[in-house]
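Analysis of the macromolecular model
If you want the building blocks of each chain, they are given just below.
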Amino acid sequence: MKVFISWSGENSKHIAHALRDWLPMVLQAVRPWMSSYDIEKGARWHSEMTFQLQQSCFGILCLTPDNLSAPWVLFEAGALSKAIDGSRVVPYLYGFDPSELKGPLVQFQAAIANKEDTKRLIFSLNRAIEEDRLA
């Protein structure tokens with residue numbers, strides 16, 4: 001199952017990269033995609049981003065206090081939520097609580113970047129993989 005990992009800013013990028021590397025070790029059916037590592041050199045980045053957003057069944061938004069209103073994160077959240085019926089978009093919060101989310105991001109069930117919520121995120125990914133297999 002393809003998982004789109006969204007980020008904006010250095011802290012968010014480090015979190016996204018760690019998730020990109022770690023997720024397939026935990027759930028082998030997960031194929032994470034992250035723009036800064038998975039767009040081939042020379043490719044048209046906008047076309048590739050659009051294609052990946054349309055193809056992804058699950059999105060993780062790596063959010064920090066400094067990128068809560070980053071235009072690309074908001075764009076990607078909207079694209080992920082509209083692209084696929086029943087899509088899942090998880091704001092993954094580092095350094096703040098879900099009560100601090102504002103705007104369109106409040107509609108998504110968030111996960112805090114801690115052991116307990118990361119475990120719950122894995123359970124949600126696993127359920128999405130099973131649902132995808134049954135569809």
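What counts, and at which threshold
Position labels on residues start from 1 in each chain and follow its written sequence. Where totals are concerned, whole chains, interfaces and linings use all residues; where local detail is concerned, this predicted model gives features only for residues with pLDDT of at least 70, and gives and counts side-chain atom pairs only at 80 or more. Working from all heavy atoms in the structure, the side-chain values ignore hydrogens and water. Secondary structure follows DSSP: runs of H or I at least 4 residues long count as helices, runs of E at least 2 residues long count as strands, and numbering of each begins at the N terminus. To get the radius of gyration, use the C-alpha atoms; to get the globule rule, take the number of residues to the power 0.38 and multiply by 2.2 Å. The rule is simple: take the accessible area with a 1.4 Å probe, protein chains only, and divide by the maximum for that residue type; under 20% is buried, over 50% is exposed, in between is partly exposed. Helix span, as expected, comes to 1.5 Å for every residue beyond the first. Throughout, a contact is declared for two residues whenever any of their heavy atoms are within 4.5 Å. Pairing between two strands requires that DSSP report at least two bridges joining them. Lines fitted to C-alpha atoms define the axes, with helix axes restricted to the stretch in contact, and inter-axis angles between N-to-C directions lie between 0 and 180 degrees. Angles below 35 degrees are treated as roughly parallel, those above 145 as roughly antiparallel, those between 65 and 115 as roughly perpendicular, and all remaining angles as oblique. Each crossing is labelled by how the near helix is turned from the far one, with a counterclockwise turn of less than a right angle marking it left-handed and a clockwise turn marking it right-handed. Following the grouping adopted for this structure description, the nonpolar residues are Ala, Val, Leu, Ile, Met, Phe, Trp, Tyr, Cys and Pro, the charged ones are Asp, Glu, Lys and Arg, and the polar ones are all others, Gly among them. Relevant arc is that of directions from the helix axis to the C-beta atoms, nothing else.

**Some thoughts on the overall build of the protein chain**
When its secondary structure is counted, the protein chain shows five helices and five strands. Along the protein chain, helices and strands appear, N-terminal first, in the series β-α-β-α-α-β-α-β-β-α. Against the globule reference of 14 Å for 135 residues, the protein chain gives a C-alpha radius of gyration of 14 Å, in line with a compact fold. Overall, the protein chain is about 35 × 35 × 25 Å in size when its C-alpha atoms are taken along their principal axes. Per-residue burial for the protein chain yields a buried fraction of 41% across its 135 residues.

**Digging into helix α1 (residues 10-26)**
Between its first and last C-alpha, α1 extends 25 Å over 17 residues, near the 24 Å set by a 1.5 Å rise per residue. Those residues of α1 lying buried are Ser 12, Ile 15, Ala 16, Leu 19 and Leu 23. Buried residues along α1 sit against β1 (2-6), β2 (31-34), β3 (58-63), β4 (88-93) and α5 (115-134).

**What to know about the pairing of β4**
Of all six residues in β4, five are buried; the element is thus mostly enclosed. As paired elements, β4 and strand β5 (residues 111-112) share two bridges and run parallel to each other. Note that in β5 the partner of Leu 93 across the bridge is Ile 112.

**Observations concerning the packing of α1 against α5**
Running from N to C, α1 and α5 cross one another at 60°; their axes reach a closest spacing of 12 Å. Relative to α5, the element α1 is oriented oblique. Crossing of α1 against α5: the hand is right-handed. Note on element contacts: α5 touches α1 through Thr 118, Ile 122 and Leu 125, opposite Trp 22, Leu 23 and Val 26. Looking at the contact of α1 with α5, its residues break down into five nonpolar, one polar and no charged.

**Some points on helix α3 (residues 45-55)**
Within α3 the residues assigned to the buried category are Met 49, Gln 52 and Leu 53. End-on, the buried residues of α3 take up no more than an arc of 100°, which puts them together on one face.

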